[in-house]
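Close look at the chain arrangement
Spelled out, the chains give:
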Amino acid sequence: MSSLTDTTVSYPLGDTTSTGHIVHLEPAADGRTIVVLDLTAAHPVDSAWPDQGADRGALTVDGAVLPLIDVVVCATDGSAFFAGSDIPVKKGTEGWAFVVGHVVGTDAALQPGAEVTVEIDPAYRRGLSIGHTACHLASLALNVALAEDWTKEVAGDGRGVANFDGEAIATSRIAEYGSTDVYRLGKSLKKRGFDKTRLLADPDAVAAIVNAQLAAWVGSAAEVDIRREGDTLISRRFWECALPDGAASIPCGGTHVHSLAELSAVTVALEASEDGTELVMHTIATV
Ligand SMILES: [Zn+2]
């Protein structure tokens, strides 16, 4: 295990199949096995920021098809192996390898070094990629719609607009053809200069501004690119989109469409909690 290195990943390119070799087998609870490959097309869920979930699919080893129960980010320092939320260090920590763990139900056919074919459900992946691109667009459009509500200087988003999403985001969940983002509107955000009066007075009016911006962007059919600084699980990657009124660049480890032309519409609904401390943005993409 001490020789494990960061897994090479091909899902950022849009791949849904890959062929690699077993570099580690880790026994897990309930008779399951975590299979680590040198290369994979399977997108794992990252417990540190679980916005896009695990791919669905199967491993094929020596003709045996092993359905994926889960795909999770794992890490090892060479002496111990940790999966998901048990990982005790931040991604990229010196001396640690970060790997994709394919969770399967049997270890009967598995031997280190064996060749493994990964096959990901392409329809489910496509739904998630559409949902993830829609999620980024919606967050940028929300920033535009709320830009006038900042009373202090605040860091800009990937397009230089006051980054409400970055300042207030609590959780983000990507689904097929959509996403749900939860924002905190508490004292801390107020201290940083956000005035929520207009937003809470009429969330639907703000959503209408977001939706008008989204319609203009989707209509531009702008290209989407994943810029990569490397090809491993922990390499920094950026979602980049040449939007007509300012190109966007957002750090992102997920999967995406190649062009906004693949979408026919993205719309949001905004819902504020009764006590005004939370905002939920529901985003839906149609193709
Ligand atoms: Zn992302």
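This text goes with the structure placed above it.
Residues numbered from 1 in each chain as written. Predicted model: local features only at pLDDT ≥ 70, side-chain atom pairs only at ≥ 80, totals over all residues. Heavy atoms only, no water.

**Notes on the overall build of the protein**
- Across its full length, the protein holds five helices and 17 strands.
- In summary, the protein has a C-alpha radius of gyration of 20 Å against a globular reference of 19 Å for 287 residues, a match within 12%.
- Dimensions of the protein, computed from C-alpha atoms along their principal axes, come out at roughly 60 × 40 × 35 Å.
- Pairs at least 24 apart in sequence give 67% of the contacts found in the protein among residues at least 6 apart.
- Mean positive and mean negative side-chain charge positions of the protein (20 and 39 charges, respectively) differ by 8 Å. (Helix = DSSP H or I, 4+ residues; strand = E, 2+ residues; numbered from the N terminus. Rg over C-alpha atoms; globule rule 2.2 N^0.38 Å. Contact = heavy atoms within 4.5 Å. Lys, Arg positive; Asp, Glu negative; His and termini not counted. Charge placed at Lys NZ, Arg CZ, Asp CG, Glu CD.)

**Things to note about the sheet that holds strand S14 (residues 237-241)**
- On the basis of which strands lie adjacent, the open sheet formed by three strands has the order S13-S14-S15 and antiparallel pairing. Two strands close off the open sheet at either side, each with one partner strand: strand S13 (224-228) and strand S15 (248-251). Across the sheet, the axes of successive neighbouring strands diverge by a mean angle of 25°, strand direction being ignored.
- Here S14 runs beside S15; their pairing, made up of four bridges, is antiparallel. The residue bridging Glu-240 from the neighbouring strand is Ser-249, located in S15.
- Of the strands in this sheet, S13, S14 and S15 touch helix H1 (residues 122-145), which is tilted by about 70° from S14. (Pairing = 2+ DSSP bridges. Axes fitted to C-alpha atoms, helices over the stretch in contact; angles between N-to-C directions.)

**Regarding helix H5 (residues 203-219)**
- In a regular helix each residue adds 1.5 Å, so 17 residues correspond to 24 Å; H5 covers 24 Å between its end C-alpha atoms and thus fits that length.
- Taken as a whole, H5 has its buried residues at Pro-203, Val-206, Ala-207, Val-210, Gln-213, Leu-214, Trp-217 and Val-218. Summarising the axial view, the buried residues of H5 lie within an arc of 135°, below the 170-degree limit, and thus occupy one face. For H5, the exposed residues set more than 90 degrees away from the buried face come down to Asp-204, Ala-215 and Gly-219.
- Buried residues along H5 sit against H1, helix H4 (197-201) and strand S16 (265-272).
- Downstream of H5 by a residue or two, Ala-221 has a phi angle that is positive, lying close to 55°. (Expected span 1.5 Å × (residues − 1). Buried < 20%, exposed > 50% of the residue type's maximum accessible area, 1.4 Å probe, protein only. Arc of directions from axis to C-beta.)

**Observations concerning the pairing of strand S17 (residues 278-286)**
- In this structure, strand S12 (residues 178-184) lies alongside S17, joined through seven bridges in antiparallel fashion. Bridge pairing in S17 places Gly-178 opposite Ile-284.

**Here's the deal with the packing of H1 against H5**
- Here H1 crosses H5 at 125°, and the two axes come no closer than 8 Å. Regarding the angle of H1 to H5, the classification is oblique. For the pair H1 and H5, the sense of crossing is right-handed. On the side of H1, the interface is formed by Leu-137, Ala-138, Leu-140, Ala-141, Leu-142, Val-144 and Ala-145, while H5 contributes Val-206, Ile-209, Val-210, Gln-213, Leu-214, Trp-217 and Val-218.
- Within the contact of H1 with H5, the residues separate by chemical class into 13 nonpolar, one polar and no charged. (Parallel < 35°, antiparallel > 145°, perpendicular 65-115°, else oblique. Left-handed = near helix turned anticlockwise from the far one by under 90°. Nonpolar A, V, L, I, M, F, W, Y, C, P; charged D, E, K, R; others polar.)

**Focus: the pairing of strand S5 (residues 57-61)**
- Inspection of the sheet shows S5 paired to strand S10 (residues 115-120) by four bridges, in the antiparallel sense. Pairing of Leu-59 across the sheet is with Val-118, part of S10.
- Taken together, the four bridges between S5 and strand S6 (residues 64-67) define a ladder with antiparallel strand orientation. When the sheet's bridge partners are listed, Thr-60 is paired in S6 with Val-65.
- The turn joining S5 and S6, which pair antiparallel and follow one another in sequence, is formed by two residues; a positive phi near 50° is taken by Asp-62.

**Concerning the environment of Ala-48**
- Tracing the backbone shows Ala-48 in the loop between strand S4 (39-40) and S5.
- Measuring from C-alpha to C-alpha, the distance between Ala-48 and Thr-8 comes to 19 Å, with 40 residues separating the pair along the chain.

**Points about the packing of aromatic side chains**
- All chains considered together, the criterion is met by four aromatic pairs.
- Taking the centre distance of 5.8 Å and the plane angle of 35° together, the rings of Phe-82 and Trp-96 count as tilted. Residue Phe-82 is located in strand S8 (residues 81-83), and its partner Trp-96 is located in the loop between S8 and strand S9 (97-104); the two are separated by 14 residues in the primary sequence.
- Classification of Phe-82 by relative accessible area gives partly exposed; the value is 23%.
- On the basis of relative accessible area, Trp-96 is assigned to the buried category, the value being 17%.
- Connected via pairs of aromatic rings, a cluster forms that spans Trp-150, Phe-164, Tyr-183 and Phe-194. (Phe/Tyr/Trp six-rings, centres within 6.5 Å; stacked < 30°, edge-to-face > 60°.)

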